[in-house]
Amino acid sequence: MTIGRVLITQSEPAKPYEFWCWLQSDPALQVEVGTVLVAEGDNGEKALVLVEDMQSTSAASDHLLEFYGSGYGNPNINPPTRPALIRLAKLRVLYREPSTASPPTGRWQVRFAQAADVTLLAQRIPPRYRILVGFLPVGSDQADPASWLPVFAHAQFLLGPEGAHVNITGATGLATKSSYALFLSYAVLAWSAAVGEQTAVVLFNVKRRDFLSLHGLPQNWKTARQWIQKWAKHIGEPALAGRVRAMWEQARRQGVDPIALQFPVQYFTYQGDPDVSFMQNPQIYSYGFDDLQRGDFEAALFTATYQPTDPQVILLTAYLDAKLGRGTSFQTMEQDLQKVTPVKGTNEVTLSGVPGTWMAGVPPALRRRLVGFLSHASHVVEKNNPNGRPFKFSALQANGLHVIQLYRLTEAEKRLVVNAVIRELSQGLEQPNRQINRVLVIADELNKYAPSGAMSPMKEQIIDIVARGRDLQLTLIGAQQFASQVDDQVYGNSETKVVGYSDISEVSNPIYKYLGDLRDQVPNLKKGQLILKHPVYPSPLIIWFPTPLHEMKP
Amino acid sequence: MITDFLRNYLVETGAHPLPPSDIPEERAPDLPTATSSSAAREVARVEIDPSPGTSPLFRFFVDGVQRTVPVAEVTVNEVTVNNVRVPIHLSHLIVGAMERVGAELRPFIAREAFVLVFPYQALQAADRAWSARTPPSRELSSSGRIYEAVKRRDLLYSDTSITLRLGSDGRPGVLLRAGDLIRTGEVRRKALDRAKELLRIMEVGLVWELRQRCPEDWILWDGPVAPPLKYGRLVDPALQGLEEIARPDIAFDFLRRVVGAVKRVQIVPQVGLEVALSSGPCLILPIYRFGDVIEEDDAVAKEILSAFLWLRPELTGEISALWSTVSGLTRFDIPIPAVFDDPTMRNNWDTLDENTIEALLANSSSTERQRLEKLLQAIVIERWPVPTTTATRMLTELFPIAETELWLTAQLRSVYEMRSVL
């Protein structure tokens, strides 16, 4: 059914990738920002378009006429004729047939998209590379799975080698970033299982219990549907049940079925974690001196606000060269840095077993950093033993989820663990005969590890991983509240960007320019609604995703 | 100082300053209003509450728009005239009716015509070669059936060298001869006049079509009612006799549910208009009966009662360029059958004398008076909303009429499209 026509006017000229249409005057017409429509020409031209912005206007030129027209400012007047209200929609082209970079050549008819239209989007992606990333609403009945058309990402652009990495931005507390990262994880694992890849997902749990209880999925879909019903009622939005149920049903049809696929879940946490009871068979991790490498030490000891001096870096390097792998502990290191031997006639000192001489002030300065770190790292550091129980690449299970608990650790501890884990993963992926050939790392609060501005050892490693990740097959799904606080290289190298509800002051930052007019919609996004920018699509899409099943457990 | 002198003089006369405006009198938008007066008899005076609270009466709103463009020229080289370039015009004419459903307007009918307008017979007289150049389309001429041709969407042309209406000798008059073709201005003026005539004919046809389909529904028609009536025969044979009310029965059927809304009032009564322009809690509408008077863009007739209304006095002073009170004056042409709607009078309503009309309309209990009041109330409730058009029209045009015009105008081909015909 035709619901409008493309507008071509002097004030609204049509462009190749964006143009306006008017919509028929029918209050029941359910068109909103994010709706997918189709514009069709008389000669078989077709454009799949996204409603990016909408306006209601009338022939009244300004407020004066509105005021005068209502009985000279009488709000109780009911004129016999209501001025026509004209609804306009700004359309962003998602797909064009035939492919061309020219604007519409006429007042094309506009209608709602149907399943067959939206599948055009997927045509850009060969079936082997399709990874489900969300849904587009195309029907009026949200409880009908057919109303949710799948949106796919191209695996080679999402995971590499054509592009890589995903960045998710959104306000904290709405369970959007973590929930979507998990949905994406399920989708990648389902794809991986289907195409015979050996993929592992590593999730850093940085706050609350976002990724705990992942093992607590319903036994079957009948139970799942009951959970969904109760959950929707519990949160006071019973109407949500139909939508979530329909999206999960559609996800299953696309092969993303976390219940059937039974992805194994492993938890890795630190000693003394009060949330340990929420995990199933958690493994305790810790790091001794000999479990770490130079980059890990630098990430733990130095930050962007505490930049080391060159002599400190040289001393640390020399010390690690001399002591790593030789049964040294952090306690030994602390003692070594204290027990210096002055070089006669100079202001220099030597350290036992470490070649070279050092200005007298350098070892105490490095020791102070070490002592400061150790005093804040008791949960994850084996101070007296050379080795702890570090997270190992060999622990990864194919097509499994691996949750590494960071919640309640100090910033120094988080830096140490994140750095050590990512280093371990990247080294593991470079080994021959590995059991896993692709790793997805999900890290919230990315701004803490790769903040914009000054460099830090931790940030250098993240930048390195982001740059090499597409070749390593190491994909970073980074999330943060404010993308403006994340390093430009890290953000820019994430080919796929996802934005959830955020404050207008954040999205007014120029880094969100790629959203176009959809930027104005960011503060209005609902729970479960995101804007996705993926290289395969010429324009960002407003997509939906379902609430994770484990979150709805009664 | 001259300025001081003038100021002092005006102050002494008691003059008040006008609202600030940068429009010189030569370009004043309300200048054509109330430019002509004619003897008329006030047959009634009705006070209406500015917000009558009655239900809408009018279902249809009728208007017509046209665009005429010179699309080509031909050069005539013959004995009588030599090297004369004659323009050929193309007119795009659209008439339409919007229907009010609830409080919304919806398109109901639209009829359009593309008409090639040029002095065909004069060209034939000037150049023998033109005798063989018969236009490949149907002629809109004095032979009539014009609305039928429009409805059939035939290719059409109209010859501006002869009149559409028949003269007393039963033949069309001559408007342009071969020798007149040198006066290009006159040729162009005749083309514009012809387009206007054809548009009126189409409007009459459309109103007639509405009458056939919905005989009891009220129509508000943009413009004076009298001028188009003379084209009845040209519209359709069934309307022969509408002109000059030669057949009162036909005119009765045509007019009994029609009111004309005149937004640019040129003809006003010689006395008594100040009543309509007086301030007060109620709107006062004096109703006049004129004789037959024709001005450039206005006309009144003895079969039509003229109700004058200061449509939106509330807006007076809001538009500084329109400082004159008469700039807000509107006239509503109410055919006598619209008030004296009695089937027994179908064949002789045109013979009602003024005394009878006045007496019946003065009697508050008479059906005619009550019908008139109801009609005027229905007009008054159309004062709101205000249309978005020119400043003058904000004061004098009704919203549904403006919307109808907007709808039709939007369908007109652009000048560029029309010129591209050649």
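Reading the values: the criteria
- Residues numbered from 1 in each chain as written.
- Chains lettered and ligands numbered in written order.
- Predicted model: local features only at pLDDT ≥ 70, side-chain atom pairs only at ≥ 80, totals over all residues.
- Helix = DSSP H or I, 4+ residues; strand = E, 2+ residues; numbered from the N terminus.
- Rg over C-alpha atoms; globule rule 2.2 N^0.38 Å.
- Buried ≥ 20, exposed ≤ 12 C-beta atoms within 10 Å, placed from the backbone.
- Contact = placed C-beta atoms within 7 Å.
- Pairing = 2+ DSSP bridges.
- Right-handed = clockwise from strand over helix to strand, strands pointing away.
- Domains from an automatic or database assignment.
- Axes fitted to C-alpha atoms, helices over the stretch in contact; angles between N-to-C directions.
- Nonpolar A, V, L, I, M, F, W, Y, C, P; charged D, E, K, R; others polar.
- Core = buried A, V, L, I, M, F, W, Y, C linked by C-beta atoms within 7 Å.
- Parallel < 35°, antiparallel > 145°, perpendicular 65-115°, else oblique.

**Student:** Hey, could you run me through the overall build of chain B in this one?
**Tutor:** Counting its regular elements, chain B contains 13 helices and 17 strands. Computed over the C-alpha atoms, the radius of gyration of chain B is 24 Å, within 12% of the 22 Å expected from 2.2 N^0.38 for a compact globule of 422 residues. Expressed as lengths along the three principal axes of its C-alpha atoms, the size of chain B is roughly 70 × 70 × 40 Å. Relative to its full complement of 422 residues, chain B shows a buried share of 46%. Looking at chain B alone, contacts between residues at least 24 apart form 73% of all its contacts between residues at least 6 apart.

**Student:** Even after reading the chapter, I still don't get the pairing of strand S7 (residues 156-159) of chain B, so can you show me in this structure?
**Tutor:** Working note: regular strand, side chains alternate between the two faces of the sheet. Residues and elements named next belong to chain B. Residues Leu156 and Ser158 of S7 are buried on one face, and the alternating residues Tyr157 and Asp159, pointing to the opposite face, are buried as well. Sheet analysis places strand S5 (residues 104-118) next to S7, joined by four bridges and oriented parallel. Paired with valine 115 across the strands is leucine 156, a residue of S7. Sheet analysis places strand S6 (residues 138-139) next to S7, joined by two bridges and oriented parallel. Within the sheet, the bridge partner assigned to glutamate 139 lies in S7 and is tyrosine 157. Traced from S6 through helix H3 (residues 146-151) to S7, the parallel crossover comes out right-handed.

**Student:** Any chance you could explain the domain arrangement of chain B here in plain terms?
**Tutor:** One widely used convention gives an interface's size as the accessible area the parts lose upon coming together. Residues and elements named next belong to chain B. Partitioning chain B into domains gives domain 1 (27-59 + 214-409) and domain 2 (66-201). Measuring from the centre of the C-alpha atoms in domain 1 to the corresponding centre in domain 2 gives 30 Å. The interface is formed by 16 residues belonging to domain 1 together with 16 residues belonging to domain 2. For the side of domain 1 that touches domain 2, the secondary structure elements donating two or more residues are strand S3 (58-76), helix H5 (226-229), helix H6 (232-235) and helix H12 (399-409).

**Student:** Whenever I open this one, the sheet that holds strand S2 (residues 18-23) of chain A confuses me. Can you help?
**Tutor:** Sheet strands pair via backbone hydrogen bonds, and the direction of the pair is either parallel or antiparallel. Residue and element names in this part refer to chain A. Reading around the circumference, S1-S2-S5-S4-S3-S6 is the order of the six strands in this closed barrel, with antiparallel pairing throughout. Each strand axis lies, on average, 40° off the axis of its neighbour in the sheet, ignoring direction. Strand direction decides the pairing type here: strand S3 (residues 36-40) and strand S6 (residues 109-112), joined by four bridges, are antiparallel. Paired with valine 38 across the two strands is arginine 111, which belongs to S6.

**Student:** Help me understand the interface of chain B and chain A, please; the structure alone is not making it clear to me.
**Tutor:** The partner chain A presents 16 residues to the 18 residues of chain B that form the contact. Contributions of two or more residues to the side of chain B that touches chain A are made by S5 and H12 of chain B. With four residues, H12(B) is the largest single contributor of residues to the side of chain B that touches chain A. The residue makeup of the side of chain B that touches chain A, split by class, is 11 nonpolar, two polar and five charged.

**Student:** When you look at the sheet that holds strand S14 (residues 348-351) of chain A in this model, what are you seeing that I'm missing?
**Tutor:** Residues and elements named next belong to chain A. The three strands lie next to each other as S13-S14-S15, forming an open sheet whose pairing is antiparallel. With partners counted over all chains shown, the strands left at the sheet margins are strand S13 (340-342) and strand S15 (354-359), one partner each. Adjacent strand axes in the sheet meet at a mean angle of 35°, parallel and antiparallel pairs treated alike. Pairing geometry for S14 and S15, over three bridges, is antiparallel. Note that in S15 the partner of valine 349 across the bridge is tryptophan 358.

**Student:** I keep staring at the domain arrangement of chain A and nothing clicks. Help me out?
**Tutor:** Residues and elements named next belong to chain A. Taken as a whole, chain A is organised into domain 1 (2-113), domain 2 (137-261 + 439-552) and domain 3 (289-375). With centres defined by C-alpha atoms, the gap from domain 1 to domain 2 works out at 32 Å. Elements that contribute at least two residues to the side of domain 1 that touches domain 2 include exactly strand S4 (46-57) and strand S5 (86-97). The greatest single-element share of the side of domain 1 that touches domain 2, amounting to four residues, is contributed by S5. In terms of residue class, the side of domain 1 that touches domain 2 is made up of eight nonpolar, two polar and four charged.

**Student:** Hey, could you run me through the pairing of strand S16 (residues 304-310) of chain B in this one?
**Tutor:** Residues and elements named next belong to chain B. Of all seven residues making up S16, seven are buried, and the element is well covered by its neighbours. Side chains Ile304, Ser306, Phe308 and Trp310 of S16 all project onto a buried face; the interleaved residues Leu305, Ala307 and Leu309 project onto the opposite face, where all are buried too. In the sheet, strand S13 (residues 283-290) pairs with S16 via three bridges, with the strands oriented antiparallel. Bridging from a neighbouring strand, arginine 289 pairs with leucine 305 of S16. Pairing between S16 and strand S17 (residues 329-335): seven bridges, direction antiparallel. For serine 306, the partnering residue across the bridge sits in S17 and is aspartate 333.

**Student:** Any chance you could explain the nonpolar core here in plain terms?
**Tutor:** Grouped burial of nonpolar side chains is what soluble globular proteins tend to show. Residues Ala187(A), Val202(A), Val441(A) and Ile543(A) are the most contacted members of the largest nonpolar core, which totals 163 residues. With 11 residues, the single largest contributor to this core is helix H4 (residues 177-195) of chain A. Setting aside residues no more than four positions away along its own chain, Val441(A) makes contact with Val202(A), Ile422(A), Leu425(A), Leu474(A), Thr475(A), Leu476(A) and Ile477(A). Counting residues in hydrophobic clusters, the runner-up holds 124 residues, among them Leu93(B), Leu116(B), Val117(B) and Leu140(B).

**Student:** What is the right way to read the packing of helix H9 (residues 310-323) of chain A against helix H11 (residues 362-375) of chain A from this model?
**Tutor:** The geometry of a pair of packed helices is captured by two quantities: the angle between their axes and the separation between those axes. All names here are of chain A. Orientation of H9 relative to H11, taken along the N-to-C sense of each, is 80°, at an axis distance of 9 Å. As summarised for this structure, H9 and H11 are arranged roughly perpendicular, according to the angle between their axes. From H9, Pro311, Gln312, Leu315 and Leu316 reach across to H11, where they touch Val362, Pro363, Ala365 and Leu366.

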